[in-house]
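Chain and residue survey
So the chains spell out like this:
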Amino acid sequence: MKYWMHGITDADSHARQLAAAGFVSVVVRWASDARIVREVGMDAWLCGSGFPLIRDDDSIKAVGLDGQPHVWFNSASPCAQEVREVSLENYRRMAESDGVTGILIDGCRFASPASGSEAFLTDFSPHAERRAEELGFDFTSMRRDLGHAWSVLQRAFSPPAGRPTAASGVPIARVVEAIGEYPGVLEWLRFRRTCVSEQFRAIAEIVHGAGMQCGAYVFSPSIAPLVGQNYAELAGIMDVVSPMVYRIYPKAPGIAALNHEVAAMIDALVPPDSESRPAVSAILDALGYRGLAVEPTAGSVRDGLSVPVVGLECSRARAALGTDATLVPIIQLDDPDLRGAIREVESSGSDAVNFFKFAEDWASCIGRASAE
């Protein structure tokens, strides 16, 4: 299994250490670091943002169903033309760097559940309305149906007073019904996917035009559709796809981390009481996560999912991508069972494993994993 590392803090020293340990690629912040990485025989990658918050201005922020502007992952509205153009210009500058093998795209998506329900249920800004009209989407239907469906789902996962949910399958059946009753929800998801894929294509065209490889940090397959990322489309755009498969990320809000994203979904839909377990089980079952949390509660999920979830998500990514892109999942360097996580990546048919993120004790982490 080939090893990548996300980040270094002292290029002169750390690049040589990683090369000596057999690493093949390092994702760096600066072009000057890329040159050093290349000199010691590794591939250097840069990384940029999809929809950066270019200034703290409500006029370029995503807007929720509540009518309020929201910032998520230091990002602005993915529909704002100015934001998209600044992002593309940033990639043009990065593509002029010497000694760089490729450029990874991060944050090319809409808000996720871990950013909060209000941010997740976006974007309904004037930028989004114009973009929807340009692309042929029914903006009014999206806004109306998403609001209705969200209320229906919250009721579906809330048992009647004094009575637990009858069976774990009931809430999921109601999810299907809600989508059928409110087609604007699917319109909203397709709109997100269309906007994100368009930006991926535009950036990839710039990067490929400079003779470099292009890759993307993306959400795990189970969560990706919610933020507008589609693996089948990515397979035709990207040279490298790097799902962020963090199963036991310790810090909140834990954006992209499976434990925090799934816990956020549970928090948004399921009342925090002793009768909620069947509803939580329904959510875990729908994701294929049965048995991957110690118990079916938001707190247990947030504390961490078990190691097999890494292999599950990596295998799903491999199946969705086929052989059209190099699959390099990124996992936690501080995973308490790092060896187990690496084995899961290996067994999934992935091409390499990336570690998030560089720390001064990286060698001991890898050493412990190799020794186990």
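Attention in this report is confined to the structure presented alongside it. (Residues numbered from 1 in each chain as written. Predicted model: local features only at pLDDT ≥ 70, side-chain atom pairs only at ≥ 80, totals over all residues. Heavy atoms only, no water.)

**Topic: the side chain of R84**
Counting through the fold element by element, R84 comes out in helix α3 (residues 81-94). Among buried charged residues, R84 stands out as having no salt bridge; its nearest opposite-charge side chain is E198, 4.4 Å away. Reaching out from R84, the side chain makes a polar contact with the side chain of Q81 at a distance of 2.4 Å. Dropping the residues within four chain positions of it, R84 is found in contact with F51, P78, C79, R131, E198 and Q199. (Helix = DSSP H or I, 4+ residues; strand = E, 2+ residues; numbered from the N terminus. Buried < 20%, exposed > 50% of the residue type's maximum accessible area, 1.4 Å probe, protein only. Lys, Arg positive; Asp, Glu negative; His and termini not counted. Salt bridge = Lys/Arg side-chain N within 4 Å of Asp/Glu carboxyl O. Polar contact = N/O pair within 3.5 Å; in protein donor to acceptor, adjacent residues only side chain to side chain. Contact = heavy atoms within 4.5 Å.)

**Side note on the environment of E85**
If you trace the backbone, E85 turns up in helix α3. For E85, a relative accessible area of 44% puts it in the partly exposed group. In this structure the C-alpha to C-alpha distance between E85 and F51, which are 34 residues apart in sequence, comes to 9.3 Å. Among the polar contacts listed, one links the side chain of E85 to the side chain of Q81, at a separation of 2.8 Å.

**Describing the packing of helix α1 (residues 11-20) against helix α2 (residues 31-39)**
Between α1 and α2, the least distance of the axes is 9 Å, while the angle of their chain directions is 35 degrees. The hand of the α1/α2 crossing is right-handed. Counted together, A11, D12, A15 and R16 of α1 and D33, I36 and V37 of α2 form the full contact between these two elements. A class-by-class count of the residues in the contact of α1 with α2 yields four nonpolar, no polar and three charged. (Axes fitted to C-alpha atoms, helices over the stretch in contact; angles between N-to-C directions. Left-handed = near helix turned anticlockwise from the far one by under 90°. Nonpolar A, V, L, I, M, F, W, Y, C, P; charged D, E, K, R; others polar.)

**A look at the pattern of salt bridges**
As enumerated under the stated definition, the model contains 18 salt bridges in all. Residues K61 and D56 are paired through a salt bridge, measuring 2.7 Å at the closest nitrogen-oxygen approach. Taking relative accessible area as the criterion, K61 reaches 9% and is therefore assigned buried. Take D56: its relative accessible area is 68%, and that puts it in the exposed class. Notably, a salt bridge pairs R316 with E313, separated by 3.3 Å at the nearest N-O pair. Taken together, the positions of R316 and E313, both in helix α14 (residues 308-321) and three residues apart, correspond to about one turn of that helix. R316 sits in the partly exposed class, given a relative accessible area of 28%. Under the relative-accessibility criterion, E313 is labelled buried at 0%.

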